[in-house]
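Inside the fold
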Amino acid sequence: MLEIENEIRSKGYKYIACIDEVGRGCLAGDVVACAIIMPKDLIIEGVKDSKKLTPRKREKLYGEILESSLALGFGQVDSKTIDKINIKESTRLAMKKAVLNLKDRDGNSISPDFILIDAEEIYLDVPQKGIIKGDARSHGIACASIMAKVFRDRQCEEIWGKKYSGYLIEKNKGYGTKEHREAIKKLGPSPIHRLTFLKNII
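So, here is what we can say about the structure in this document. Since the model is a prediction, treat every value here as computed from it, not as a measurement.

**Focus: the environment of Pro127**
Take Pro127: it is sitting in the loop between strand 5 (114-118) and strand 6 (128-131). For Pro127, the residues in contact, after removing those within four places along its chain, are Tyr13, Asp113, Phe114 and Ile115.

Printed below as a string of structure tokens:
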């Protein structure tokens, strides 16, 4: 899973920021992206696409990745912006914010000299490459996938689920489960629901 990163490093790039997002298909909550710079040649055992890991395993790996990373940044775009500019542009914006928020362990801002993204492109004047199924092919993108997923899940459980308790967001993470759709029909949308995603429900 380091083949892509090593190929880029062989061309003289040092700080490779790997990016992935989570929450793109949710009915509620922000879309969240993570940008991460990992040490050269490091493989953390068990890292793979976050969707293929249990919540417990993701939490464990989150701590390991956090300890190992050279720089980390998160970016979020809320439901109102998603409704305004659409989910694709919101995803790109969240990814851009994540890169601009990259900081090292001492809190210093870090600018990458190359960006690897899971099947996307972002509006930054930095060399970049979109990788189809990047979270399965790149260790760095898989790390970003895990970090973004845990970061967003915690917001679902600790913030949105408590503030908007009728929708069970702490359980469904904002995705369109049957119970979530039924709650929307019963209660109407909350302030964090993406209205453009609800047309077939309400």
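Back to the text.
**Considerations on the packing of aromatic side chains**
Pairs of aromatic rings are described using the distance from one ring centre to the other and the angle between the two planes. Taken as a whole and judged by the stated rule, the model has 2 aromatic pairs. Taking the centre distance of 4.1 Å and the plane angle of 15° together, the rings of Phe74 and Phe151 count as stacked. Of this pair, Phe74 sits in strand 3 (residues 71-77) while Phe151 sits in helix 6 (residues 139-163), placing them 77 residues apart in sequence. We classify Phe74 as buried; its relative accessible area is 16%. What makes Phe151 partly exposed here is its relative accessible area of 22%. Directly above the aromatic system of Tyr62 lies the positively charged group of Arg154, at a separation of 4.4 Å from the ring centroid. Directly above the aromatic system of Phe197 lies the positively charged group of Arg194, at a separation of 5.2 Å from the ring centroid.

**Regarding the sheet that holds strand 3**
Strand order in the open sheet formed by 6 strands is 4-3-2-1-5-6, and the pairing between neighbours is mixed. Since the sheet does not close on itself, it has two edges, and those belong to strand 4 (103-104) and strand 6, each with one partner. With respect to the sheet, helix 4 (residues 87-100) is in contact with strand 1 (16-22), strand 2 (31-37), strand 3 and strand 5, its orientation differing from that of strand 3 by roughly 150°.

**Some thoughts on unusual backbone geometry**
Leaving glycine out, the prevailing phi sign among residues is negative, and the prevailing peptide bond configuration is trans. In this structure, Asp41 is a non-glycine residue whose phi angle is positive, near 70°. Mapped onto the fold, Asp41 is located in the loop between strand 2 and helix 2 (55-68). For Leu168, which is not glycine, the phi torsion reads 55° and is therefore positive. Tracing the backbone shows Leu168 in the loop between helix 6 and helix 7 (169-172). A residue is classified by how much of its surface remains accessible, and Leu168, at 31% relative accessible area, is partly exposed.

**A word on helix 8 (residues 178-187)**
Considered for burial, the residues of helix 8 that qualify are His180, Ala183 and Ile184. All buried residues of helix 8 fall inside an arc of 100° around its axis, so they share one side. Looking at helix 8, the residues exposed on the side facing more than 90 degrees away from the buried face are Lys178, Lys185 and Lys186. Buried residues belonging to helix 8 abut helix 7. At the C-terminal side of helix 8, Gly188 shows a positive phi close to 80°.

**So, the side chain of Ser69**
Mapping Ser69 onto the fold places it in the loop between helix 2 and strand 3. Taking the relative accessible area as the measure of exposure, Ser69 reaches 5% and is therefore buried. Setting aside residues no more than four positions away along its own chain, Ser69 makes contact with Ile36, Ile37, Met38 and Arg105.

**Considerations on the nonpolar core**
Among the nonpolar cores identified, the biggest contains 28 residues, and Cys34, Ile36, Val47, Ile65, Leu116 and Met147 are the most heavily contacted of them. Elements supplying a minimum of two residues to this core: helix 1 (3-9), strand 1, strand 2, helix 2, strand 3, strand 5 and helix 6. If you tally residues by element for this core, the top one is helix 6, at 8 residues. Setting aside residues no more than four positions away along its own chain, Met147 makes contact with Cys34, Ile36, Tyr62, Ile65, Leu66, Leu72 and Phe74. Val31, Ile82, Ile87 and Ile122 belong to the second-largest nonpolar core, a separate cluster that totals 21 residues.

**A closer look at the pattern of salt bridges**
A side chain of one charge can pair with a side chain of the opposite charge if their charged atoms are brought near each other. Across all of its chains, the model carries 13 salt bridges by this definition. Ionic pairing is found between Lys173 and Glu157, a salt bridge with its closest N-O pair at 3.3 Å. Separated by 16 residues along the polypeptide, Lys173 in the loop between helix 7 and helix 8 and Glu157 in helix 6 bring together distant segments of the chain. A residue is classified by how much of its surface remains accessible, and Lys173, at 13% relative accessible area, is buried. The class of Glu157 is partly exposed, set by a relative accessible area of 34%.

Rules and cut-offs
- Residues numbered from 1 in each chain as written.
- Predicted model: local features only at pLDDT ≥ 70, side-chain atom pairs only at ≥ 80, totals over all residues.
- Heavy atoms only, no water.
- Helix = DSSP H or I, 4+ residues; strand = E, 2+ residues; numbered from the N terminus.
- Contact = heavy atoms within 4.5 Å.
- Phe/Tyr/Trp six-rings, centres within 6.5 Å; stacked < 30°, edge-to-face > 60°.
- Buried < 20%, exposed > 50% of the residue type's maximum accessible area, 1.4 Å probe, protein only.
- Lys NZ or Arg CZ within 6 Å of the ring centre and 35° of its normal.
- Pairing = 2+ DSSP bridges.
- Axes fitted to C-alpha atoms, helices over the stretch in contact; angles between N-to-C directions.
- Arc of directions from axis to C-beta.
- Core = buried A, V, L, I, M, F, W, Y, C linked by side-chain atoms within 4.5 Å.
- Salt bridge = Lys/Arg side-chain N within 4 Å of Asp/Glu carboxyl O.

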